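Close look at the chain arrangement
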2 protein chains.
Amino acid sequence: MPRPPADARAARDAPPEMPAAPTQAGRFEQARRVQSMALLEDYAELIADLLATAGEARPTDIARRLGVTHATAIKAITRLKREGLATALPYRGVFLTEAGEHLAARVKTRHLLVVDLLRAVGVPADAAEQDAEGIEHHVSDITLEAFARFLKEK
Amino acid sequence: MPRPPADARAARDAPPEMPAAPTQAGRFEQARRVQSMALLEDYAELIADLLATAGEARPTDIARRLGVTHATAIKAITRLKREGLATALPYRGVFLTEAGEHLAARVKTRHLLVVDLLRAVGVPADAAEQDAEGIEHHVSDITLEAFARFLKEK
DNA sequence: CGCAAAATGTAGCCATGGCATCACAATGGA
DNA sequence: TCCATTGTGATGCCATGGCTACATTTTGCG
Ligand SMILES: [Mn+2]
Ligand SMILES: [Mn+2]
Ligand SMILES: [Mn+2]
Ligand SMILES: [Mn+2]
């Protein structure tokens, strides 16, 4: 029996939790869930920016801004459509649904707040811009509120 | 001609950059590179913890702590070995190489610092622990130094 | 006009990281 | 001792997100 060699076997179990489990496994699971949203968030934010700035969001522009090939961008756009975040008319560019616009707005606000927070604690501008691109996706609403309070009081 | 409808076409090009490009595409590329290390980092950190705490790191324990099946853990361990970060004797547990131990130490320090920083700016303990699990991987050395300075001066 | 260039879309390949399932190994306890 | 239980490992499946290569559509320009 592989039953642990009779040595230090730590505490176990924990009932099946649906929300964000406070256990270590639960934290990893939540981090994986969050990560699976990251790509959609970046696309939504970028598409909203292109629509607001250039009036249109074309696959090629999206791809260039993200540093991927257009084929990769088009596949991601397919996923955005499947998830109800975007629509696209063949050869006519990409648009955001209501849900997509809401997501984009939330993501943009969060992105800016994360950069501001990093700058506020002394992170150089370049590093703040770079790191925020990855960090943002893992900042929960609770944490975001804390960031906002911190910045206001500063 | 798909040449942009004669409308607002923003600035283009940028020579091929190898390090972390300051362009938007460069930031996304760097974020993707960082993300590809995240799994290895979490495994290294966890294995080091199990070795220090229980004296051994078994695939089943690793899997339980990460919230994945043992098959998933074993495949990740295969990648750790391939990357020169771990070794494993069949049915005898997993060990870290020098490189693996160095990575684990760096990752643990960074994890703790990220949690401390979040707490310092007012993030509740639970949210700090949760969000840090994903954020940590995107915190560069530059940013980490800024966090350390901020905490020291506080 | 008509056509070449650019954008778009499609297909197929690969690596990663989940999963379930099955077969084999190890071992503690009856 | 032996065997039921548990750990380990190997496969095979799927989804995601990169890529290249090729086909198709669009449209500005000569
Ligand atoms: Mn991002
Ligand atoms: Mn962003
Ligand atoms: Mn982590
Ligand atoms: Mn960690």
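Check the entry above for the structure.
A few points on the structure. All values derive from a computational prediction rather than experimental measurement.

Looking at the overall build of chain A
Scanning chain A from N- to C-terminus turns up six helices and two strands. Ordering the α and β elements of chain A from the N terminus gives α-α-α-β-β-α-α-α. Summarising the internal contacts of chain A: among those between residues at least 6 apart in sequence, 51% fall at separations of at least 24. Accessible surface, chain A: about 8,400 Å² in total, of which carbon and sulfur atoms supply 59%.

Section: the coordination of the manganese ion (ligand 1)
Residue and element names in this part refer to chain A. Bound to the manganese ion (ligand 1) are the protein donor atoms Asp42 (OD), Glu133 (O), Glu133 (OE), Glu136 (OE) and His137 (NE2), situated 2.0 to 2.3 Å from the metal. If you look at the manganese ion (ligand 1) and the manganese ion (ligand 2), they sit 3.6 Å from each other and are both ligated by Glu133. With a gap of 91 residues between them, Asp42 in helix 1 (residues 24-54) and Glu133 in helix 5 (residues 125-135) connect regions that are remote in the sequence. By the burial criterion, Asp42 is buried, and Glu133 matches it.

A short note on the nonpolar core
Counting residues in each nonpolar core, the largest one holds 32 residues, and the members touching the most others are Val121 and Phe147 of chain A together with Val121 and Phe147 of chain B. For this core, the elements supplying multiple residues, two or more each, are helix 4 (98-120), helix 5 and helix 6 (141-153) of chain A together with helix 4 (98-120), helix 5 (125-135) and helix 6 (141-153) of chain B. Apart from residues no more than four positions distant in its own chain, Val121 of chain A is found in contact with Phe150 of chain A together with Leu117, Val121, Ala146, Phe147 and Phe150 of chain B.

Thoughts on the relation of the copies chain B and chain A
Of the transformation placing chain B onto chain A, the axial shift is 0.0 Å and the rotation is 180°, giving an RMSD of 0.0 Å. The superposition operator between the copies reduces to a two-fold rotation axis. No C-alpha of chain B lies nearer the rotation axis than that of Ile135 of chain B, which sits 2.5 Å from it. A share of 98% of interface residues in chain B that are also interface residues in chain A marks the association as one of identical surfaces.

Thoughts on the interface of chain B and chain A
Quoted interface sizes are often the accessible area lost when the parts come together. Across the contact, 54 residues belong to chain B and 53 residues belong to chain A. For the pairing of chain B and chain A, the buried interface totals around 4,200 Å² over both sides, and the portion due to carbon and sulfur atoms is 54%. Looking only at chain B, the three residues that lose the most surface to chain A are Arg27, Phe28 and Gln130 of chain B, adding up to 14% of its buried area. Scanning the region where chain B abuts chain A turns up zero salt bridges.

Things to note about the coordination of the manganese ion (ligand 3)
Residues and elements named next belong to chain B. For the manganese ion (ligand 3), every protein donor is listed as Asp42 (OD), Glu133 (O), Glu133 (OE), Glu136 (OE) and His137 (NE2), and the spread of their distances is 2.0 to 2.3 Å. Within one chain, the residues serving as donors to the manganese ion (ligand 3) are arranged as D-x90-E-x2-E-H. A separation of 3.6 Å is found between the manganese ion (ligand 3) and the manganese ion (ligand 4), both of which receive a donor from Glu133.

With respect to the packing of aromatic side chains
Tallying each qualifying case throughout the model produces one aromatic pair over all chains. Ring centres of Phe150 of chain A and Phe150 of chain B lie 6.0 Å apart, and the angle between their planes is 70°; this geometry places the pair in the edge-to-face category. Placement of Phe150 of chain A in helix 6 and of Phe150 of chain B in helix 6 is noted, with the two residues assigned to different chains. Assigned by exposure class, Phe150 of chain A and Phe150 of chain B land together as buried.

Quick look at the pattern of salt bridges
All names here are of chain A. According to the stated counting rule, one finds twelve salt bridges over all chains in the structure shown. For the salt bridge of Arg110 with Glu41, the shortest nitrogen-to-oxygen distance reads 2.7 Å. With Arg110 in helix 4 and Glu41 in helix 1, this pair connects stretches of sequence that are 69 residues apart. The partner of Arg65 in a salt bridge is Asp49, and the shortest N-O contact between them spans 2.7 Å. On the criterion of sequence distance, the pair formed by Arg65 in helix 2 (residues 59-66) and Asp49 in helix 1 is long-range, its members being 16 residues apart. Take Asp49: its relative accessible area is 30%, and that puts it in the partly exposed class. Taken together, the shared-partner salt bridges in this structure form one network comprising Glu56, Arg58, Asp61 and Arg64.

Reading the values: the criteria
Residues numbered from 1 in each chain as written. Chains lettered and ligands numbered in written order. Predicted model: local features only at pLDDT ≥ 70, side-chain atom pairs only at ≥ 80, totals over all residues. Heavy atoms only, no water. Helix = DSSP H or I, 4+ residues; strand = E, 2+ residues; numbered from the N terminus. Contact = heavy atoms within 4.5 Å. Areas by Shrake-Rupley, 256 points an atom, 1.4 Å probe, with all protein chains shown as cover. Donors = N, O, S within 2.8 Å, 3.2 Å for Na, K, Ca; no water. Buried < 20%, exposed > 50% of the residue type's maximum accessible area, 1.4 Å probe, protein only. Core = buried A, V, L, I, M, F, W, Y, C linked by side-chain atoms within 4.5 Å. Least-squares fit on C-alpha atoms with pLDDT ≥ 70 in both. Buried area = accessible area lost by both parts, 1.4 Å probe. Salt bridge = Lys/Arg side-chain N within 4 Å of Asp/Glu carboxyl O. Phe/Tyr/Trp six-rings, centres within 6.5 Å; stacked < 30°, edge-to-face > 60°.

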